[in-house]
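Residue strings, one per chain:
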Amino acid sequence: MIKIKELSELPFIEATVTFRGQSLKLENVLIDTGTAGTIFNVNKLEEIGVKPEANDVTQTIQGVGGL
């Protein structure tokens, strides 16, 4: 069972991303059932070697969440 905690009336979980045998625990991941995609902080994912490939489409976003 996934433990959900509420912060500022929003649901958050803890998630673990695993890439090529390395794992990274992410705390306070917002559950957004109405989104069309998933957003992670690229600086955190680079800690385990996840980075965009040459043909990937990337965008910079600002002001997400407001928490």
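Because the structure is predicted, anything quoted here is derived from the model rather than measured. (Residues numbered from 1 in each chain as written. Predicted model: local features only at pLDDT ≥ 70, side-chain atom pairs only at ≥ 80, totals over all residues. Heavy atoms only, no water.)

In this section: the pairing of strand β3 (residues 22–30). Note that strand β2 (residues 10–19) and β3 share seven bridges and pair antiparallel. Pairing of F19 across the sheet is with Q22, part of β3. (Pairing = 2+ DSSP bridges. Helix = DSSP H or I, 4+ residues; strand = E, 2+ residues; numbered from the N terminus.)

The next thing to look at is the pairing of β2. Relative to β2, strand β1 (residues 5–7) runs antiparallel, the two being bridged by three bridges. Considered in β2, the bridge of K5 is made with F12. Counting the residues in the hairpin turn of β1 and β2 gives two residues, including S8, whose phi is positive at 50°. Connecting β2 to the antiparallel partner β3 that follows it, the hairpin turn spans two residues, and R20 within it adopts a positive phi of roughly 50°.

Once that is clear, we can look at the environment of I31. Within the fold, I31 resides in the loop between β3 and α1 (42–45). A residue is classified by how much of its surface remains accessible, and I31, at 31% relative accessible area, is partly exposed. Through-space distance from the C-alpha of I31 to that of F12 is 5.7 Å; in sequence the pair is 19 residues apart. If we skip the residues at most four places from it in the chain, I31 touches I4, P11 and I13. (Buried < 20%, exposed > 50% of the residue type's maximum accessible area, 1.4 Å probe, protein only. Contact = heavy atoms within 4.5 Å.)

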